[in-house]
Amino acid sequence: MTVTHSNRLATPRSARFWDRIASRYAKRPVADEATYQKKLQMTREFLKPHMKVFEFGCGTGSTALAHAPHVAHIHATDISAQMIEIAKSKAGDAGIQNVEFEQASIESIAANSAQYDVVLGLSILHLLDNRDAAIAAVYDMLEPGGIFVSSTACLGDHMKIFKLIAPLGKFFGVLPTLSVFTTPNLIESIEDTGFEIQAKWSPGKNKSLFIIARKPL
Ligand SMILES: C[S@@+](CC[C@H](N)C(=O)[O-])C[C@H]1O[C@@H](n2cnc3c(N)ncnc32)[C@H](O)[C@@H]1O
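Computed from a predicted model, the values in this text were never measured in an experiment.

Peer 1: Requested: an account of the overall build of the protein, with residues and values cited.
Peer 2: The number of helices and strands found in the protein is eight helices and nine strands. In summary, the protein has a C-alpha radius of gyration of 16 Å against a globular reference of 17 Å for 217 residues, a match within 12%. Principal-axis analysis of the C-alpha atoms places the extent of the protein at approximately 45 × 40 × 35 Å. In the protein, the proportion of contacts linking residues at least 24 apart, taken out of those at least 6 apart, comes to 69%.

Peer 1: Give a description of the sheet that holds strand β8 (residues 196–201) that names residues and reports values.
Peer 2: Overall, mixed pairing links the seven strands, which are arranged β4-β3-β2-β6-β7-β9-β8 in an open sheet. Taken across any chain shown, the strands that pair with only one partner, and hence form the sheet edges, are β4 (99–103) and β8. Here the average twist between neighbouring strands, direction ignored, is 15°. Note: strand β2 (residues 52–56) against strand β3 (residues 73–78), five bridges, orientation parallel. Paired with Lys-52 across the strands is His-73, a residue of β3. The sheet strands contacting helix α4 (residues 81–94) are β3 and β4, and the helix crosses β4 at an angle near 160°. Seen against the sheet, helix α8 (residues 183–193) touches β7 (142–152), β8 and β9 (209–214) and runs at an angle of roughly 15° to β9.

Peer 1: Give a detailed account of the site of the ligand, specifying residues and quantitative values.
Peer 2: Neighbouring the ligand are 19 residues, the closest being Trp-18, Gly-57, Gly-59, Ser-80 and Ser-105. Within the shell around the ligand, the residues separate by chemical class into 10 nonpolar, seven polar and two charged.

Peer 1: I'd like a rundown of the environment of Phe-181, residues and numbers included.
Peer 2: Secondary-structure assignment places Phe-181 in the loop between α7 (162–171) and α8. Along the sequence, Phe-181 and Leu-155 sit 26 residues apart, while their C-alpha atoms lie 5.9 Å from each other.

Peer 1: Can you lay out the packing of helix α1 (residues 12–27) against α4 for me, pointing to particular residues and giving the numbers?
Peer 2: At their nearest, the axes of α1 and α4 sit 7 Å apart, and the two run at 30° to each other. By the angle between their axes, α1 is roughly parallel relative to α4. In this structure, α1 uses Trp-18, Asp-19, Ala-22 and Ala-26 to contact α4, whose residues at the interface are Ala-81, Gln-82, Met-83 and Ile-86.

Peer 1: Go over the pairing of strand β6 (residues 116–122) with me, naming the residues and quoting the values.
Peer 2: Counting buried residues along β6, seven of its seven residues qualify, which places the element largely inside the surrounding structure. Where β2 and β6 come together, four bridges link them in parallel fashion. Paired with Glu-55 across the strands is Leu-120, a residue of β6. Handedness of the crossover joining β6 and β7 through helix α5 (residues 131–141): right-handed.

Peer 1: Account for the confidence of the model for the protein, naming residues and giving values.
Peer 2: For the protein, per-residue confidence averages 90 on the pLDDT scale, and 93% of positions sit at 70 or higher. Scored below 50 in pLDDT, residues 6–10 shows nine contacts in the model against residues more than four places distant or in partner chains.

Peer 1: Residue-level account of the packing of α5 against α8, with values.
Peer 2: Each pair of packed helices gets described by two things: the angle between the helix axes and the distance between those axes. At their nearest, the axes of α5 and α8 sit 9 Å apart, and the two run at 40° to each other. Viewed along their axes, α5 and α8 form a crossing whose handedness is right-handed. For the pair α5 and α8, the contacting residues are Arg-131, Asp-132, Ile-135, Ala-136 and Tyr-139 in the first and Ser-189, Ile-190 and Thr-193 in the second.

Peer 1: Just give me the short version of unusual backbone geometry, but keep the residues and values in it.
Peer 2: In terms of backbone geometry, most residues other than glycine have negative phi values and most peptide bonds are trans. Of note, Ser-123 is a non-glycine position whose phi angle comes to about 55°, a positive value. As for its position among the elements, Ser-123 is in the loop between β6 and α5. One non-glycine residue with positive phi stands out, namely Asn-206, at about 65°. By the secondary structure assignment, Asn-206 is in the loop between β8 and β9.

What counts as what
Residues numbered from 1 in each chain as written. Predicted model: local features only at pLDDT ≥ 70, side-chain atom pairs only at ≥ 80, totals over all residues. Helix = DSSP H or I, 4+ residues; strand = E, 2+ residues; numbered from the N terminus. Rg over C-alpha atoms; globule rule 2.2 N^0.38 Å. Contact = placed C-beta atoms within 7 Å. Pairing = 2+ DSSP bridges. Axes fitted to C-alpha atoms, helices over the stretch in contact; angles between N-to-C directions. Near = placed C-beta within 6 Å. Nonpolar A, V, L, I, M, F, W, Y, C, P; charged D, E, K, R; others polar. Parallel < 35°, antiparallel > 145°, perpendicular 65-115°, else oblique. Buried ≥ 20, exposed ≤ 12 C-beta atoms within 10 Å, placed from the backbone. Right-handed = clockwise from strand over helix to strand, strands pointing away. pLDDT = per-residue confidence, 0-100. Left-handed = near helix turned anticlockwise from the far one by under 90°.

The structure is reproduced here in structure tokens:
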């Protein structure tokens, strides 16, 4: 792998929050199985056996492990060491060898050059202080024609109250970093970076927005 890590450290407070809840997160059933399966299927339409995939905020690795049989290699990363421990153990149990799990924050990763065919960022862009920087990093690490798949809670659409709650929740350690923005804000961030949106799907009100975007050739 030629991805290098910059000197910036992962946000320790954020990592601690996710470390604390990792084992509960791993045991929690998927909230809406039909929606999850549809997102896997929509993603799979863009996957090919020769492809190299990068994932950030991979959590306990379920999605990387589900896609693993359909691509050559997946480099899956997460800020939480505990999430990565669980992901590695799931990969071992399933005998899956083409997924490399690594603890790393998206902020600490700097791509040397475009090298991935697909980047996955699922349930993560609204958990970052700077989504635009993350989207720009994704753009840089993709080959021309590469695909960025994201699923994002646009809390500003229906739950503006989070603008008030989020800083308090973070201060008291009961909420992670939460960034409140709307669907148009997110689409603007993705398009302004240079991506062309290929598919956009929202399963319903208050549901995460699923976007598949392409870096132009
Ligand atoms: C809501 S979970 C989503 C996990 C997985 N993508 C899924 O869809 O189930 C968010 C994940 O993002 C990770 N995370 C939070 N901030 C991060 C950051 N700055 N860089 C990388 N991962 C981060 C957390 O540790 C957590 O595992």
